Amino acid sequence: MRPFTVVSGVALPFYQANVDTDAIIPSRAIREVSKQGLGRFLFANLRYLPGDEIVHPDFVLNRPEYAEACILIGGSNFGCGSSREHAVWALADYGFRAIIAPGFGAIFFRNCINNGLLPAQVTEAQAQELAEGARKEPIKYQLTVNLKTQEIALPSKKVIPFSIDADAQQQLLRGADPIDMTLETVGEDILAFEQKDRKNRPWLHSNPE
Amino acid sequence: MSATLFAKLWSAHRIASADEKSDFLYIDRIFLHERMGPVALQSLREKGRAIRNPTQVFATIDHIVDTRPGRPNGTRTLGGEKFIDALRESVEQTGIHLYDLDDTRQGIVHLVAAEQGIAHPGLTLVCPDSHTSTLGALGALAWGVGSSDAEHVLSTRVLKVRKPDSMRVSFDGRTAEGVTAKDVVLYMIGSFGASGGKGYAVEFAGEAVQGMGMPERFTLCNMAVEFAAFCGLVSVDETTLDYVGQNRPFTPSEVDFGHWSTDSEAVFDREETLSVRNLTPMVTWGTSPEHALGIQEVIPAVADCRNTSLAQRAMDYMAVRPKQAMQDLRIDAAFLVSCTNTRLEDLRKAAHLLKGRRVNKNIQAVCVPGSTQTRLQAEEEGLDQIFRSAGFEWHEAGCGMCFYAGGDTLAAGSRAISSSNRNFEGRQGPGVRTHLASPLTVAASAVTGRITDPREFL
Ligand code: SF4
């Protein structure tokens, strides 16, 4: 996984409440048992006319000014709905590195961390301000997201802080594989728990069939 | 020391702290399905990682499989066979349990997990499906995870989890006849909003819950996710123990589960109470489960809604307007589907209403039992005959039209009433308008061809 330190770039304003995972990538676009190549179907229902071939010229993602966008400004409860991790794979595959929003669906949040995509939480007013800026002067409005300092620098030099759990921050900064990281930190604790648990709950460590 | 059920479950599985907000929890069991399981299994294989304990890993085929009688197309989802084949192949290599399509134990994961006793009180269980919360009704800590976290659990049997706060919602009073758990939970989400439970493990309690059987409790916990809760829970009582004790293969019979309940002195981070004594059947008018109202009511003014821009968009999508009476809305389809409301008891209720009646001739009416076991039991009781002669299609088990799968289709602009859990834009197909309601309301509406209060028929 690519470590996340500082990311600068164009921000895509997508400030809507309750954008669910089905809007981020519809089920019909999931045709392969794979995490790759999903960027083409990001926001497919909004981005294309029926048939997934002809782009919808008005949809914000299709506008040339946002072609290079790598930061998305979302609304509250972004990524709510199903556990579909393809939503995160599609965002990452398209080229997004950070989502800034006033809140995230809980499973979506975890999925972001597991894939090196930064879910940065700001207040509703801050998200609104950022979305406004990105809408008004798209190309000039470049943001710089610094994960270490937990700050977003605006073109005006103004700085907006964001919050993220300490552990999630560490995981993103290191870009380490989460499974390796877990085994490294609590591998022994797992063994100890299982050893005790085998006596307490034998049925969970054998096959009843 | 007094503790909540949630605190007991958490501390029994906590193996280490991750940071001040998160802990590593031991995960007892994991359930996979063909839509999300294969990627996780494949990714493990690619990295040369083994499953830590395959005997505690379960899988079934439910999400994209055709539910029409005989499953004529296998799956109609584009590329869907690849998912089914990949799951079967991984199962063969790893030795995890699979309830395949020819197995009488096959069905929607959350029904199968309960029927087979894979979920029982005191366990932690995850599944790459958000409605895993359903199983909290058994006094288990059960929640939905993404594919990477599923991979993580398969490989390590632990998960790093941010600890939610605890919340109890008590429902005072008993519900009237014709008013069910589905109405209760829609009422709750309507009252506190679709993010009302965000950041909480929500326990359901009170007289109404005590009076509910397990099927209704599953419905409550199923919709906890639509309330944005981390999970739903119900304390173990006689009703739970009765259910758990019914010879379920993966539940040990010699263990006493009685202590998996909230102690009387325990304190929650948040307490809410709702009276359901005068509750009527509920139905949704918009595209969020919080857009719920009493079936006799009229659609509110946009200004009176919680989120006005969302409400306006919802009214446009649903083609409804303020002051319109719910019961004036004509429908094109009626679906008894999904892990929310397709248990045997749900089908019995709907069948009771449908007996001797006919579905309106303009309506496509479909009943998809949630599990093969449910279907077989229903057939033994002759319920399939009642549904069929009323004009309902009788399908095989699966998720079906809950999320625009299973082989059924509806044209854009169609209006459906559905016993499922999500009414998001496009959930049942592009442009399809979904109204959520109880199985009774779905059955009553199928008969009249418009949204209908089932109490007219009881
Ligand atoms: S029935 Fe619907 S909500 Fe339930 S598991 Fe299947 S797709 Fe998910």
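Please read all numbers here as calculations on a predicted model, not as lab measurements.

Caption draft 1: Up close: the overall build of chain B. Helices and strands together make up the secondary structure of chain B, namely 14 helices and 19 strands. Rg of the C-alpha trace for chain B: 21 Å, near the compact-globule value of 23 Å for 458 residues, within the 12% margin. Dimensions of chain B along its principal axes, counting C-alpha atoms only, are 55 × 50 × 45 Å. Within the span of chain B, comprising 458 residues, buried residues form 69% of the whole. For chain B, the computed accessible surface area is about 14900 Å², with 45% contributed by carbon and sulfur atoms. Between the centroid of the 47 positive side chains of chain B and the centroid of its 55 negative side chains there is a distance of 4 Å.

Caption draft 2: Focus on the overall build of chain A. When helices and strands are tallied, chain A shows seven helices and seven strands. Projected onto its principal axes, the C-alpha positions of chain A cover 65 × 45 × 25 Å. The contacts in chain A between residues at least 6 apart in sequence include a share of 64% that link residues at least 24 apart. Surface summary for chain A: the accessible area is close to 8900 Å², and the carbon and sulfur share equals 52%.

Caption draft 3: Just the site of the ligand, in detail. Residue and element names in this part refer to chain B. Lining the immediate surroundings of the ligand are His63, Ile108, His110, Asp129, His131, Ser338, Cys339, Cys399, Cys402, Phe403, Asn421 and Arg427. Considered class by class, the residues forming the shell around the ligand number five nonpolar, five polar and two charged. Each of domain 1 (20-162) and domain 2 (298-453) accounts for three or more of the residues forming the shell around the ligand.

Caption draft 4: Spotlight on the domain arrangement of chain B. All names here are of chain B. Per the domain assignment, the segments making up chain B are domain 1 (20-162) and domain 2 (298-453). Measuring from the centre of the C-alpha atoms in domain 1 to the corresponding centre in domain 2 gives 27 Å. Taken together, the 23 residues of domain 1 in the interface contact 26 residues of domain 2. For the pairing of domain 1 and domain 2, the buried interface totals around 2000 Å² over both sides, and the portion due to carbon and sulfur atoms is 54%. Put simply, domain 1 and domain 2 have one salt bridge between them. If you look at where domain 1 meets domain 2, you find 13 residue pairs in polar contact (both at pLDDT 80 or more). Tallied by class, the residues present in the side of domain 1 that touches domain 2 amount to five nonpolar, eleven polar and seven charged.

Caption draft 5: Geometry of the packing of helix 11 (residues 344-354) of chain B against helix 13 (residues 383-390) of chain B. Residues and elements named next belong to chain B. For the pair helix 11 and helix 13, the least separation of the axes is 9 Å and the interaxial angle reads 45°. Judged on the interaxial angle alone, helix 13 and helix 11 are oblique. Remark: the crossing between helix 11 and helix 13 carries left-handed chirality. Every residue of helix 13 that contacts helix 11 at Leu344, Leu347, Arg348, Ala350, Ala351 and Leu354 is listed here: Leu383, Ile386, Phe387 and Ala390. Here the contact of helix 11 with helix 13 is composed, by residue class, of nine nonpolar, no polar and one charged.

Caption draft 6: Quick peek at the sheet that holds strand 1 (residues 6-14) of chain A. Residue and element names in this part refer to chain A. Spatially, seven strands are ordered 4-3-2-1-5-6-7 in an open sheet, and the strand pairing comes out mixed. The sheet is open, and its two edges are formed by strand 4 (118-121) and strand 7 (159-161), each paired on a single side. Between one strand axis and the next, the sheet turns by 30° as a mean value, whatever way the strands run. By the bridge criterion, three bridges tie strand 6 (residues 151-153) to strand 7 in an arrangement that is antiparallel. Looking at the pairing, Glu151 lines up with Pro161 of strand 7.

Caption draft 7: Summary view of the domain arrangement of chain A. Residues and elements named next belong to chain A. We note that the domain assignment places domain 1 (6-176) and domain 2 (177-209) within chain A. Listed by partner, the interface residues are five residues for domain 1 and four residues for domain 2. With both chains or domains summed, domain 1 and domain 2 bury close to 420 Å², and 58% of this area falls on carbon and sulfur atoms. Contact with domain 2 buries area across many residues of domain 1, yet Gln171, Arg174 and Ala176 alone supply 81% of it, more than any other trio. At the surface where domain 1 touches domain 2, the tally comes to one salt bridge. Here Glu184 and Arg174 are joined by a salt bridge, their closest N and O atoms 3.8 Å apart.

Caption draft 8: Region of the structure containing the state of the cysteines. Overall, the coordinates contain zero disulfides over all chains when judged by the stated rule. For Cys80 of chain A, which is in no disulfide, the shortest distance to another cysteine sulfur is to Cys112 of chain A and amounts to 13 Å. With no disulfide of its own, Cys231 of chain B lies closest to Cys221 of chain B among cysteine sulfurs, the gap being 8.1 Å.

Caption draft 9: Region of the structure containing unusual backbone geometry. All names here are of chain A. Phi is positive for Asn77, close to 60°, though the residue is something other than glycine. Along the chain, Asn77 turns up in the loop between strand 2 (71-74) and helix 3 (86-94). Unlike most non-glycine residues, Lys157 shows phi in positive territory, near 80°. Relative to the helices and strands, Lys157 resides in the loop between strand 6 and strand 7.

Definitions and limits used
- Residues numbered from 1 in each chain as written.
- Chains lettered and ligands numbered in written order.
- Predicted model: local features only at pLDDT ≥ 70, side-chain atom pairs only at ≥ 80, totals over all residues.
- Heavy atoms only, no water.
- Helix = DSSP H or I, 4+ residues; strand = E, 2+ residues; numbered from the N terminus.
- Rg over C-alpha atoms; globule rule 2.2 N^0.38 Å.
- Buried < 20%, exposed > 50% of the residue type's maximum accessible area, 1.4 Å probe, protein only.
- Areas by Shrake-Rupley, 256 points an atom, 1.4 Å probe, with all protein chains shown as cover.
- Lys, Arg positive; Asp, Glu negative; His and termini not counted.
- Charge placed at Lys NZ, Arg CZ, Asp CG, Glu CD.
- Contact = heavy atoms within 4.5 Å.
- Near = heavy atom within 4 Å.
- Nonpolar A, V, L, I, M, F, W, Y, C, P; charged D, E, K, R; others polar.
- Domains from an automatic or database assignment.
- Buried area = accessible area lost by both parts, 1.4 Å probe.
- Salt bridge = Lys/Arg side-chain N within 4 Å of Asp/Glu carboxyl O.
- Polar contact = N/O pair within 3.5 Å; in protein donor to acceptor, adjacent residues only side chain to side chain.
- Axes fitted to C-alpha atoms, helices over the stretch in contact; angles between N-to-C directions.
- Parallel < 35°, antiparallel > 145°, perpendicular 65-115°, else oblique.
- Left-handed = near helix turned anticlockwise from the far one by under 90°.
- Pairing = 2+ DSSP bridges.
- Disulfide = S-S within 2.5 Å.

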